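# Structure at a glance
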Amino acid sequence: MRKEDSVYQYYLDILKKELVPAMGCTEPIAIAYAAALARKVLGEDVVSVDVYASGNIIKNVKSVVVPNTNGKKGILVAAAIGICGGNSDKELEVIANVKKEDILKMEKFLENTEMNLHRIHGGCTLELTVEVSGINHRAKVHIRNTHANVVLVAKDDSILYQKDDLVQIEEGYSLQMKHIYDFAQSVDIDDVKEVLQRQIDYNYAIAKEGLEKGYGASIANVLLHTYGDRVEIKARALAAAGSDARMSGCELPVIINSGSGNQGITASMPVYAYAKELHSSDEELYRALVISNLTTLYQKQFIGRLSAYCGAVSAGAGAGAGITYLLGGDYEHICHTLVNALAITSGILCDGAKPSCAAKIASSVDAGILGYAMFKEGKQFCSGEGIVGDSIEKTMKGIGQIARDGMKECDDEIIRLMINS
């Protein structure tokens with residue numbers, strides 16, 4: 001693939017658009033961002049707040065700690081810290097610079113302000129609106145499809161900003177596995193070095209923090225203490241440690257993938273662990289990360305951003321593809337690794353963001369590693385066996401159909417169970 005090719009620039013743009021920083025789980029951060037922007041538009045003290053959120057937003061915020069809130073959880077907490085200490089100009093790092101006085105202000109705000117949560121029932125899994133009212137005015141911010149995609153800003157009866165795609169379906173890309181492999185093989189490293197090195201630096205920092213401080217369920221340390229420090233275990237532990245830290249409110253930023261910090265960590269840290277073990281060059285690591293990140297995004301184009309299908313499965317398979325590349329695998333090896341991995345772990349459910357995500361990540365990375373080991377030994381799951389299709393594309397599309405359509409009712413039941421618990 002040549003730099004002059006439109007596909008080359010398209011894939012490069014996707015990496016730059018998707019691999020961006022976020023602090024905290026992206027669903028509460030999206031709420032904090034919308035709330036901070038609404039407060040800014042309002043231009044006066046907020047006396048009441050109404051948050052409207054899709055079921056998947058509610059699911060992913062319920063059990064996760066919001067950073068810079070003294071360990072608090074929940075949608076109303078996310079909105080309150082966005083209003084009291086957020087900087088909307090920083091988008092998904094909206095609450096990165098919250099001060100102690102902002103947290104005290106948030107606590108009083110939660111005690112004294114009328115705040116209401118409403119569930120949006122509709123076709124879009126990632127959708128939220130924050131409405132704030134003051135004595136004289138009211139303001140509204142609507143986000144849809146991706147976590148920082150503002151589609152409407154209004155003050156009183158005036159629309160200040162509106163995108164034409166207010167009712168569009170979830171945003172997706174047109175990726176192909178063969179193009180991903182060709183791009184990874186031919187990309188000028190200088191074109192991707194900055195964005196990928198930032199991913200390594202940010203995500204390793206939070207993984208190291210998770211290992212050292214044992215956040216959440218401390219899945220990483222359980223793995224290492226139980227199974228030792230072989231590279232197969234270190235790869236799982238490094239990803240799990242970053243997730244445990246994020247889910248427990250660690251204030252370090254991460255580089256996301258598919259709008260998810262957990263998926264960004266999972267797509268990068270196992271590949272990094274193998275590169276260090278194999279003494280791979282920086283170039284080899286970057287090319288492997290291109291494969292891992294784009295393969296994760298490739299799967300999500302069929303599944304969607306949020307669903308009852310655990311995103312760690314996609315990222316774990318993506319990591320397996322990147323690791324396969326580092327171990328000398330070619331296009332055929334990578335495709336079979338992906339199919340094998342997905343045949344193993346595609347049944348994992350998403351029941352929101354919380355400490356058990358780290359364990360699901362460890363299992364998904366293990367499936368990615370096993371997927372390659374199987375093919376290396378001449379073993380594989382074949383077409384017609386369960387959900388496995390006769391090509392990588394058919395397998396991916398089938399999984400997407402299950403996740404987006406077949407699991408809708410399952411998703412609703414999970415959300416009902418979580419809301420009523």
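Look a little higher up for the structure.
Right, let's walk through the structure included here. (Residues numbered from 1 in each chain as written. Predicted model: local features only at pLDDT ≥ 70, side-chain atom pairs only at ≥ 80, totals over all residues. Heavy atoms only, no water.)

On to the nonpolar core. Formed by 127 residues in total, the largest nonpolar core has its most connected members in Val49, Ile95, Val130, Val132, Phe183 and Leu294. It is helix H2 (residues 26-42) that contributes the most residues to this core, twelve residues altogether. For Val132, the residues in contact, after removing those within four places along its chain, are Ala38, Arg39, Leu42, Val46, Ser48, Val49, Ile83, His137, Arg138 and Ala139. In terms of nonpolar packing, the next biggest core, distinct from the first, is built from nine residues, Leu223, Ala240, Ala241 and Ala358 among them. (Core = buried A, V, L, I, M, F, W, Y, C linked by side-chain atoms within 4.5 Å. Buried < 20%, exposed > 50% of the residue type's maximum accessible area, 1.4 Å probe, protein only. Helix = DSSP H or I, 4+ residues; strand = E, 2+ residues; numbered from the N terminus. Contact = heavy atoms within 4.5 Å.)

Taken in spatial order, the six strands of this open sheet run E3-E2-E4-E5-E6-E7, and their pairing is mixed. Across the chains shown, the open sheet's two edge strands, defined by having one partner strand only, are strand E3 (114-120) and strand E7 (158-162). Each adjacent strand pair in this sheet contributes to an overall mean axis angle of 10°, direction not counted. Lying on the sheet, H2 is in contact with strand E4 (127-133), strand E5 (138-144), strand E6 (150-155) and E7; it crosses E4 at an angle near 35°. (Pairing = 2+ DSSP bridges. Axes fitted to C-alpha atoms, helices over the stretch in contact; angles between N-to-C directions.)

Turning to the environment of Gln199, a few remarks are in order. On the secondary structure map, Gln199 appears in helix H7 (residues 189-213). Sequence spacing of Gln199 and Ala267 is 68 residues, and the spatial spacing of their C-alpha atoms is 9.9 Å. Setting aside anything within four residues of it in sequence, one finds Gln199 in contact with Leu19, Tyr204, Ile255, Gly264, Ser268, Leu289 and Asn293.

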